[in-house]
Each structure stands twice: as structure tokens, then as C-alpha cells.
Amino acid sequence: MGLTSAADFKMLVSALAEMERKGSLKLNKKGHFKLPTKKPVLTGIFRANDRGFGFVSIEDEEDDVYIPQGHTNFALDGDVVTVDITRVPEPWNDKGAEGVVETIVERKFHQLVGEFYAYDEAGIAETDLYGYVLPQDKKINDMRVFIEAKGIKPVDGAIVLVEITYYPDLAFPKSMQGIVSQTIGHKNDPGVDILAIVYKHGIPIEFPEAVLAEADAVPETISDQDRENRRDLTNEMIVTIDGEDAKDLDDAVTVRKLDNGNYHLGVHIADVSYYVTEDSALDGEAFERATSVYLTDRVIPMLPHRLSNGLCSLNPNEDRLTMSCEMEINSAGEVVNHDIFPSVIHSSKRMTYTAINQILMEKDPEVRAEYQEFVPMFELMGELHELLVNKRQARGAIDFEAPEAQIIVNNEGHPEEIVMRHRGIGERLIESFMLSANETVAEHCFKLDVPFIYRVHEQPDSDRMQRFMEFVTAFGILMKGTSGEVSPKQLQKVLRGVSGEPEEAVISTMLLRSMKQAKYDAEALGHFGLGAEFYTHFTSPIRRYPDLIVHRLIRSYATKGIGSEEKAKWAGLLPEIAEQSSKMERRAVDAERETDSLKKTEYMSDKIGEIFDGVISSVTKFGIFVELPNTIEGLIHISNMKEDYFTFIENHLMLVGERTGVSYRIGQPVKIKVTKADVETREIDFELIPDPNAPKVPVIERTKKGRGKPEERRRGATSTRSGKKTESEPKKTHKKKGKLKVDLASKTNAGKGKKTAAKGKNPFYSAVAKKKKKKK
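This section reports on the structure supplied with the text. Just so we're clear, the structure is a prediction, and the values are computed from it rather than from any experiment.

## Some remarks on the overall build of the chain
Then, in step 1: Across its full length, the chain holds 19 helices and 35 strands.
Then, in step 2: Within the chain, the proportion of its 776 residues that are buried is 47%.
Then, in step 3: Intrachain contacts of the chain at a sequence separation of at least 6 include 67% that bridge at least 24 residues.

## Topic: the packing of helix α9 (residues 353-360) against helix α12 (residues 425-447)
Then, in step 1: Two elements in contact, α9 and α12, have axes whose closest approach is 7 Å; the angle formed by their N-to-C orientations is 105°. With respect to α12, the axis of α9 lies roughly perpendicular. Residue-level inspection shows Tyr353, Ile356, Asn357 and Leu360 of α9 in contact with α12, the latter providing Ile425, Gly426, Glu427, Leu429 and Ile430.

## Quick word on the packing of aromatic side chains
What characterises a pair of aromatic rings is the spacing of the ring centres plus the angle enclosed by the ring planes.
Then, in step 1: Throughout the structure, instances matching the rule amount to 13 aromatic pairs.
Then, in step 2: Centroid distance Phe446 to Phe534: 4.5 Å. Interplanar angle 35°. Geometry classified as tilted. With a gap of 88 residues between them, Phe446 in helix α12 and Phe534 in the loop between β25 (519-521) and α16 (545-560) connect regions that are remote in the sequence.
Then, in step 3: By relative accessible area, Phe534 is classed as buried at 10%.
Then, in step 4: Centroid distance Phe452 to Tyr454: 5.2 Å. Interplanar angle 70°. Geometry classified as edge-to-face.
Then, in step 5: The class for Phe452 is buried, based on a relative accessible area of 1%.
Then, in step 6: Members of the aromatic cluster, connected to one another through ring pairs, are Tyr117, Tyr119, Tyr132 and Phe146.
Then, in step 7: Stacked on the ring of Tyr132, the Lys or Arg Arg144 has its end atom at 4.1 Å from the ring centre.
Then, in step 8: Between Arg230 and the ring centre of Tyr274, over which it is positioned, the NZ or CZ distance is 4.9 Å.

## Let's talk about the packing of helix α7 (residues 281-289) against α16
Then, in step 1: For the pair α7 and α16, the least separation of the axes is 9 Å and the interaxial angle reads 135°. Considered as vectors, α7 and α16 are oriented oblique to each other. Residues Asp283, Ala286 and Phe287 of α7 lie in contact with α16, whose contacting residues are Tyr545, Leu548 and Arg552.
Then, in step 2: Classifying every residue of the contact of α7 with α16 gives four nonpolar, no polar and two charged.

## A short note on a nonpolar patch on the surface
Then, in step 1: Side chains of Met1, Leu3 and Met11 sit close together on the surface and give an oily, nonpolar patch of about 370 Å² of accessible area.
Then, in step 2: Its location among the elements puts Leu3 in the segment before α1 (6-22).
Then, in step 3: Here Leu3 falls in the partly exposed class, since its relative accessible area comes to 34%.

## Overview of the sheet that holds strand β10 (residues 144-148)
As a general point, the strands of a sheet are linked pairwise by backbone hydrogen bonds and lie either parallel or antiparallel.
Then, in step 1: Strands sit in the order β8-β9-β10-β12-β11 around a closed barrel of five strands; the barrel is mixed. Across the sheet, the mean angle separating the axes of adjacent strands is 50° when strand polarity is ignored.
Then, in step 2: Two strands pair when backbone bridges link them, and strand β11 (residues 158-166) and strand β12 (residues 175-186) are joined in this way by eight bridges, in the antiparallel orientation. Residue Leu161 lies in a different strand from β12, and its bridge partner there is Gln182.
Then, in step 3: Sheet contacts for helix α3 (residues 192-200): β8 (111-118), β11 and β12; angle to β12, the most-contacted strand, approximately 135°.

## Some remarks on the side chain of Asn438
Then, in step 1: In this structure, Asn438 sits in helix α12.
Then, in step 2: At a separation of 2.9 Å, a polar atom in the side chain of Asn438 contacts the main-chain amide nitrogen of Phe538.
Then, in step 3: When residues no more than four places from it in sequence are discounted, the contact partners of Asn438 are Tyr535, Thr536, His537, Phe538 and Thr539.

## Structural notes on α7
Then, in step 1: Within the span of α7, buried status applies to Leu282, Asp283, Glu285, Ala286, Phe287 and Arg289.
Then, in step 2: Elements that come into contact with the buried residues of α7 comprise α4 (209-217), α6 (272-275), β18 (298-300), α8 (305-311), α16 and α17 (564-604).
Then, in step 3: After α7 finishes, the residue Ala290 shows a positive phi value of roughly 70°.

## Re the nonpolar core
Then, in step 1: In this structure, Ile241, Phe378, Met381 and Phe433 are the most contacted members of the largest nonpolar core, which totals 86 residues.
Then, in step 2: For this core, the element with the most residues is α12, which contributes nine residues.
Then, in step 3: Discounting residues that sit within four places of it in the chain, Met381 has contacts with Val239, Ile241, Val253, Thr254, Val255, Leu429 and Phe433.
Then, in step 4: Core analysis: the second largest hydrophobic core is formed by 47 residues, Leu495, Met604, Ile666 and Ala694 among them.

Rules behind the numbers
Residues numbered from 1 in each chain as written. Predicted model: local features only at pLDDT ≥ 70, side-chain atom pairs only at ≥ 80, totals over all residues. Heavy atoms only, no water. Helix = DSSP H or I, 4+ residues; strand = E, 2+ residues; numbered from the N terminus. Buried < 20%, exposed > 50% of the residue type's maximum accessible area, 1.4 Å probe, protein only. Contact = heavy atoms within 4.5 Å. Axes fitted to C-alpha atoms, helices over the stretch in contact; angles between N-to-C directions. Parallel < 35°, antiparallel > 145°, perpendicular 65-115°, else oblique. Phe/Tyr/Trp six-rings, centres within 6.5 Å; stacked < 30°, edge-to-face > 60°. Lys NZ or Arg CZ within 6 Å of the ring centre and 35° of its normal. Nonpolar A, V, L, I, M, F, W, Y, C, P; charged D, E, K, R; others polar. Patch = residues over 30% accessible without salt bridge, like charges linked within 9 Å, V, L, I, M, F, W, Y side chains within 5 Å. Areas by Shrake-Rupley, 256 points an atom, 1.4 Å probe, with all protein chains shown as cover. Salt bridge = Lys/Arg side-chain N within 4 Å of Asp/Glu carboxyl O. Pairing = 2+ DSSP bridges. Polar contact = N/O pair within 3.5 Å; in protein donor to acceptor, adjacent residues only side chain to side chain. Core = buried A, V, L, I, M, F, W, Y, C linked by side-chain atoms within 4.5 Å.

The structure is reproduced here in C-alpha cells:
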């Protein structure tokens, strides 16, 4: 350092001491200075459990970090937090990482919805508060939100929107404070229950004035200028096929046979991007909403009704602007030629799924006579659909056929009936045609080597797939290869092998849970479930923003070219659009599920004591969920299963009675009695009616050491009511005092290898592990 004098030495020592005080240097036991080792900051999303603990999901880490009760630092569900690891994961002992929340980086809750409880005038004067609100969100419904005596003063029983001003802290761990920003309605008003869910999820209902003004400014008729540079298809026989209650008709189709024996398939989609232009108020609002939200008795559209139900809807006998994808498809279902272009169509007929099913499936003579002009084309559509299905199945596309229920409500919003929707050939052929168009457009743009937005469904996580592969061995199914390289075709083969068998439901459910969630991405990551290398969403721009963007990209590349400037522009924009669209899609799904849960609970509220047949839809350590034929699901808590003490066999998702050997697993038919339907908590409870003919598992070995009384163990299994997944239950860290071995099948343990410790992806995990090992 070039320092020689005593004064230099004194200065150096002083500087080192100051750096040590600041923490920029560290003095070790040998008297050597070194740079301090900095722990990487682990940031993730906190997921709260209503029992006080939680988990933090960290990006690029497959397993969540468990946060015990008392160590959450008052984080609320959905908050972005930093976490300090206090126990590294031990995969060989089936123990996950444990930690404490250090800081709250970003709050998720800036506002919430709940019921207002008013103070009287004396209480207001004493506390300077109007009263308090109990949140509707189950994750924070043990909190009281005290309302400051300013702003809106609601009436007692009002459902209100609250802006949070103070969050829980050490002094007030179970309370928050806020101001009422809006009164949604009274809790007894019709429709307010669903409206509260809409506000809770932050879904906008009203359109801003600027957006409505732009929509109103769109001409009602198509001008000659609008037709420029468009292919005129108004003389072709083109039809729409939708449900009876559909109002936003955004796709139309035509099929004909070519001279060479191939099929011509035309898919014509409403050209929404022609009216919703880049950087307009309409576009900004569509980006924010990203999707239409379909709730039980209402639709919250992405675009104002003047566009979604009017000029952009492909109504019959009216000229409409479209973006077309025409395909030539051979007898193997392969697209051998295609063309993508802007067009004008004139829909010849508004067909319904019901009518198509009557024509093609039921061969109804009256309906066929009514649409005799179109019947030959519909029959060609049926032929082409079969070819396309065979092609998808040949490459391994996985078809999950889940039942769908429609809740019928009266004028006051009360559910009167739940009917099952059955997909016939009408629904399926439209699905086939839309899939073909989506794949064709995606592959076309990928081969152009231009920035694009894709609908992707990635390969399942190897750990989840390994658990699935081990699970199916109980049914004598051996899957070849490794869990990290499993193909859609292998999984399709598994489903086909159990089709119509008693175990079909359980295997299908387990496979679905092993899959990743589909999302939007600027990278072509493929669609695992469809077995497709390239896939996008092109066919619903009225109700999905990514589809609108796909149309805009097609037009932009066609008119402005694919030079470096245009590529750079879209490469910078598309990742944010994909992320926003995926996020808003999940928000819409959450709102739809919560609304369905509310109305299903309300439907069952007057059926207490009634007996129904059902099927076990999920098995957890705290009980079994049973689904009725109308898709309503309820819990039978393990503490109410009195016929035996039941042990949870996690690898096979079974509950097995220790004394009787009676077993319960997914897909098993049972008879139940309704005991509870709480509309406030959305909880439905059933009581199991024992079946003397229930399947039994032979007991091989029991070790009774330290088991305690069965009723005590039942009380210890507390339900989280977290749905079908059991991740919300903290993993036990103590040694199990007893175990039950059962003979499930001759090949139960086939394919299982020794468990090895997985290497943690985060360097901090391994660093802490080495440190602890050294100390030991």
C-alpha cells in the first residue's frame, strides 16, 4: 500500500477499525481481516394459512419455505416479503426449508371488502371511529379493520370497500385501520354478494368516460375505406356456432372439400384490433382488464358493449371486418397450406351447439330440414373434426374431460337449479377448428422469426411427475423413462389404459395436479397438454387481450415489415403484456371459482339433512372431499369418521381404517348426508354414511407404540379447508411414533428408487448446510 511511517500505520488501523464498525470488514479469530459473507436476499410471495402459519414461494425454487406461527412479521396473504432461512431443506427426511419473514417489501392489500359494523354516536365520540369492518377474505377474516371517522359513513350491515391506512404491528397484531372509499350495497340486497367478490378481486366494473367516448365514436357501418386491402369473402357460406346465450360472436367458420380431396377450413375472427388501436384509451383499458370475466349471473366485459356485442360481433346477415386464417388440411389432419389475411365476411347463419348436435349426432329430421342448405357443410365439418382429433391424439394430446355445471339463478340472484353442461360434437368441432387456427398462426409467426406472444404449457416438474409415476404403480401401471423427460403421449397412454375403469377418476385427478399452469409468454415454450410445439390464442379478441395483440402483430408485420426497428419495439413490449395477461387471467379464474362456491353453498343451505350419492374427489390427512353429481363438493372431516381410526397413506392418497381395513380413495362412490352449508365461509360439510360393502385393504403390520387414544388423534387432525391440495399443512418435523403398512397391490413399490438429497437451486441453502455441518 506504500505506507511506511508510524502515522501511516495509525491511519491504517483507524481506517480498519472504522470499516469493521460499519460492517464492511470482518476480523476473524486469527486476527485477519476479510470481507463479510453476504447472505443472498430471498424474496417471495407469502401465502397465509388461517391457522397462523404460512409459506413463502420463491421464484426458481420448487418447494416453498415454511413460516411457523409467530414468525410471519405480520405479513398478509399475497405480500412480497424477504425471508431468512432458519432450517435448510432435508429432502432425504421429507423436510422442507423453514424460515422467518424479515421484511415486507410490498403489500398486496391496499383495499379490501367487508361488512361494516357501526358504533353508536357515543362510541364514535369516544374512539374517533365510525365502527369496524370484518373482511370477507378468509385469509384475513380474523382481523378487524377499524374505520376512521372521516370520509364515507356507511350504515350498519353495509358491504363496503376500505382503503387501508395502517397495517398490523406488534401493538395491534389482529387489527388494521382504514377509510371507507365506497359503499357497494347492503348485505341483504340482491346481487351484492357477487358484487362484493368483484370488488374484492379489484375487477373494474365501469368503463372510464374516455373509453366510452372512443367506443361511441366508432361508426356503425363499414365504409369503403374500411374494406380497402381486405379480401372480400361476403359470398362464401360462413356460419357462427355458439351457445344459445352467447352475445359476443367472435369466430365464424366454413368448410368445403377441394378438388384434390383435401379440406378447406376457414376460421374468421372479428378484427377487434382494427377498432382498438394502439395507445388509445380503449387499448389501455383492455390491457388493464386483459380478459372478460364470466360470473354466475353476469359478464364483466373487456371491451364496452358497443364493440363486444355490436360492431365486433359477427352477427348474421351483416358485413363484418375479420382476420382470417384459411387452411388446407389433408386426410391425415395435417395443415399443408395456409393463408392469414384481413377480410370482410357476411355470416350466413347463427347456429347453436344444440342445433349442430341435433343435426350430426341425433340426426333429427326436423332440424336437418330446417337447415337443409347447410347440412352438407356441417357433415364435412364432422368429418374434418374427426381427422383433427385423430391427429392430436396421435401426437399425444391429453384430453381432460371435466364436467361443467351451470348455476341457474332467479331474479334476486338465488340459485334455483344446477344443471350439467355436456359437450357434444358441436362444441368439439369448434374447439378443433380453433385449435388448428391457433397452432397455424403461432407456427407461421415463429418461422418468420419475429417477436410474438404464445400460449405455453411447460413440461411438468420432475418431482411432481415422479410422485405421479410412483402413484400409478399401485394400479399395475409402469411408466418407462425418467420423470424429467416424460412425454404427453406416455401420459395419454396411461389415461387411455384406465378409461372406463374404477381408477380412471383418481389417476386423471392426480395427473391434472401434476401439471403446470398454462400461461402467456413471449417465448415459444410449446404446449405440453396439447402436444403442440407452437400455440397461441388468436380466436377470441373480444374477450382476451392476448388475442387482440396477436391480430395487431399480424397487421403490424404485414404493413410495416419485419425490420430490426419493428422487432425491437415488440420485443420490448410483449413480456409485460404476457405477464399482465397471465396475472389477470388468474384473477378472473379466482373470482369465477369464488362466485361458484358462494352460489353452490347457498344452493345447499336448505338441504341440510338430505342424503345424496357422491364420489370422493380428494383425500387428505384431515378428511375426504366428496363431489356430488352436480359438482358441489363438501368435506367429511376425519374427526367425524367414527367407524374407525383412519391413517393417511400419502403416496396413494388413501385413508385406511386401522381396525377394519376400510379404505377411501379418489373416485370411490359413497353416500353422504349434508350437515352444514355456511354461506359466510363458503363451507359445506357432509357426514359419511358407512357402507358395509366398502373396499378393504388387508393389514400386514401395525406398530402400536405411542399411539394414544384414537379420539385424541382425530382431534389433532385439524382441517385447513384449503381445497384439494394439502400443501397448507405444515410438514411434521418429529419422528413418527407408529406406522401402518398395507398391501395395496402386487406392484405397489415397483419403480421406486432410493431417495437422494436434491441439490437446492438457491446457493444460500447449500451455504447454510455446509456451515451447519462444519459446526457439528
